[in-house]
Amino acid sequence: EPEVTQTPSHQVTQMGQEVILRCVPISNHLYFYWYRQILGQKVEFLVSFYNNEISEKSEIFDDQFSVERPDGSNFTLKIRSTKLEDSAMYFCASSETGYNQPQHFGDGTRLSIL
Amino acid sequence: RKEVEQDPGPFNVPEGATVAFNCTYSNSASQSFFWYRQDCRKEPKLLMSVYSSGNEDGRFTAQLNRASQYISLLIRDSKLSDSATYLCVVPGRGGSQGNLIFGKGTKLSVKP
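So, a few notes on the structure that sits alongside this text. (Residues numbered from 1 in each chain as written. Chains lettered and ligands numbered in written order. Predicted model: local features only at pLDDT ≥ 70, side-chain atom pairs only at ≥ 80, totals over all residues. Heavy atoms only, no water.)

How two aromatic rings sit relative to each other is set out by the distance from centre to centre and by the angle between their planes. Summed over the entire model, instances satisfying the criterion amount to 18 aromatic pairs over all chains. Arranged with centres 5.9 Å apart and planes meeting at 85°, the rings of Phe 105 of chain A and Phe 102 of chain B form a pair that is edge-to-face. In this pair, Phe 105 of chain A sits in strand 10 (residues 104–105) while Phe 102 of chain B sits in strand 10 (residues 100–102), so the two residues belong to two different chains. The exposure classification of Phe 105 of chain A matches that of Phe 102 of chain B, with both residues buried. The interplanar angle of 90° and the centroid separation of 6.3 Å between the aromatic rings of Phe 34 of chain B and Tyr 51 of chain B together place this pair among those described as edge-to-face. With Phe 34 of chain B in strand 4 (residues 33–38) and Tyr 51 of chain B in the loop between strand 5 (45–50) and strand 6 (54–57), the pair connects residues that are 17 residues apart, well separated along the chain. You can call Tyr 51 of chain B partly exposed: its relative accessible area is 39%. Grouping aromatic residues by their ring pairs yields a cluster made of Tyr 33, Tyr 35, Phe 45, Phe 91 and Phe 105 of chain A together with Phe 34, Tyr 36, Tyr 51 and Phe 102 of chain B. (Phe/Tyr/Trp six-rings, centres within 6.5 Å; stacked < 30°, edge-to-face > 60°. Helix = DSSP H or I, 4+ residues; strand = E, 2+ residues; numbered from the N terminus. Buried < 20%, exposed > 50% of the residue type's maximum accessible area, 1.4 Å probe, protein only.)

What follows deals with the layout of surface pockets. Counted as a void, the largest pocket has a volume near 610 Å³. Considering the residues around the largest pocket, the lining is formed by 26 residues, among which Gln 37, Leu 39 and Gly 40 of chain A together with Gln 38 and Arg 41 of chain B are closest to the centre. When residues of the lining of the largest pocket are traced back to their parent elements, those giving at least two are strand 9 (88–95) and strand 11 (109–113) of chain A together with strand 9 (84–91) and strand 11 (106–111) of chain B. For the lining of the largest pocket, the class distribution of residues is eleven nonpolar, eight polar and seven charged. Estimates place the volume of the second largest pocket at around 340 Å³. Breaking the lining of the second largest pocket down by element, the ones donating at least two residues are strand 10 of chain A together with strand 5 of chain B. Split into classes, the residues belonging to the lining of the second largest pocket amount to seven nonpolar, four polar and five charged. (1 Å grid on protein atoms, 1.4 Å probe; cavity = no way out; pocket = protein on both sides within 12 Å on 5 of 7 lines; lining within 4 Å. Points joined across faces, edges and corners; volume = space filled by probe spheres on them. Nonpolar A, V, L, I, M, F, W, Y, C, P; charged D, E, K, R; others polar.)

What follows concerns the pairing of strand 11 of chain A. Residue and element names in this part refer to chain A. Most of strand 11 is tucked away: four of the five residues are buried. Of the strand pairs in this sheet, strand 9 and strand 11 are connected by three bridges, and their pairing is antiparallel. Following the sheet pairing, Tyr 90 is matched in strand 11 by Thr 109. (Pairing = 2+ DSSP bridges.)

All right, on to empty space enclosed by the protein then. Enumeration according to the criterion identifies one cavity of 30 Å³ or more in this entry. Forming the walls of the largest cavity are Glu 3, Val 4, Tyr 25, Ser 26, Asn 27, Val 90, Pro 91, Gly 92, Arg 93 and Ile 101 of chain B.

Turning next to unusual backbone geometry. Of the consecutive residues Thr 7 of chain A and Pro 8 of chain A, the connecting peptide bond is found in the cis state with omega at -10°. If you trace the backbone, Pro 8 of chain A turns up in the loop between strand 1 (5–7) and strand 2 (10–13). Cis geometry is found at the peptide bond from Gly 9 of chain B to Pro 10 of chain B, where omega equals 5°. Structurally, the position occupied by Pro 10 of chain B is in the loop between strand 1 (4–6) and strand 2 (11–14). In this structure, Asn 52 of chain A is a non-glycine residue whose phi angle is positive, near 65°.

Let us now look at the state of the cysteines. Residues and elements named next belong to chain A. In this structure the tally under the stated criterion is two disulfides over all chains. Disulfide partner of Cys 23: Cys 92, at an S-S distance of 2.0 Å. In this structure, the disulfide formed by Cys 23 and Cys 92 twists by about -65° around the S-S bond and is classed as left-handed. One end of the pair, Cys 23, is in strand 3 (residues 19–24); the other, Cys 92, is in strand 9, and 69 residues separate them in sequence. The same class applies to Cys 23 and to Cys 92, which are both buried. (Disulfide = S-S within 2.5 Å.)

Given below as C-alpha cells:
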C-alpha cells in the first residue's frame, strides 16, 4: 500500500536555527498538508498546498514557516529562527483530491528545540 | 460549541466488550467525517470515513446524526490491539482545500 514518507524521524536543533522537514507524498495525490502535534495536545492544521501554491494556512503558519515543492516528489516545511515552543511532532499528509476526502499521514518528524 | 469535542476518557474495558465513543461538531455545513486512531507517539491512521448516516467495517460502526451534529463510533468485541486514542475529525470551515480539524481524542485501553 502506498504511503507518505517523512525524513528525518527525529531532528534536534538549537534555538534560533533553521530546520527543513521533508516529505514524499503518495505519488498520485494532488493535495499536500502539514500538521503539528505538541506533546499531549491535539493535532493542529498548519498549511495546505495544491498546484504549487499554498491554498490555505492557519494562524500558526506565520512568516517563520514556509513550504515548497522543489521537485516532482518532495514537499518540504522550513522553520526559520526556531523557538522552544516549536518542539512538536510534525506530520505531513496527502489526499487524492481536496475537500471531503480522507488524508493519509506520514509517520512524522519529532522536532526537539534545545 | 467547540469545533470538535470528544470525551477524553480513558475508557478501560475488558477484551470482548462493546464500547462507544461520542463526538460533537460545530460546523453544520460539514459533509464528511472521519475517525482516525492514533497509537502513542505515532501518526493518525484512518479508521473510517463517514459521508451519509453511517458506515460499518467489521467490528467498527460509525453513526452520524446531522440534526444533533453528533457522530459516534462503536467497537464490538474489543481486542487488545484496539488500545489507542480515537480521533474524531471534521473538515475545517474556511477553505475548500480540505484542512482537517481534530478532536483531542478518546483514549481506549482494552485489558485481558
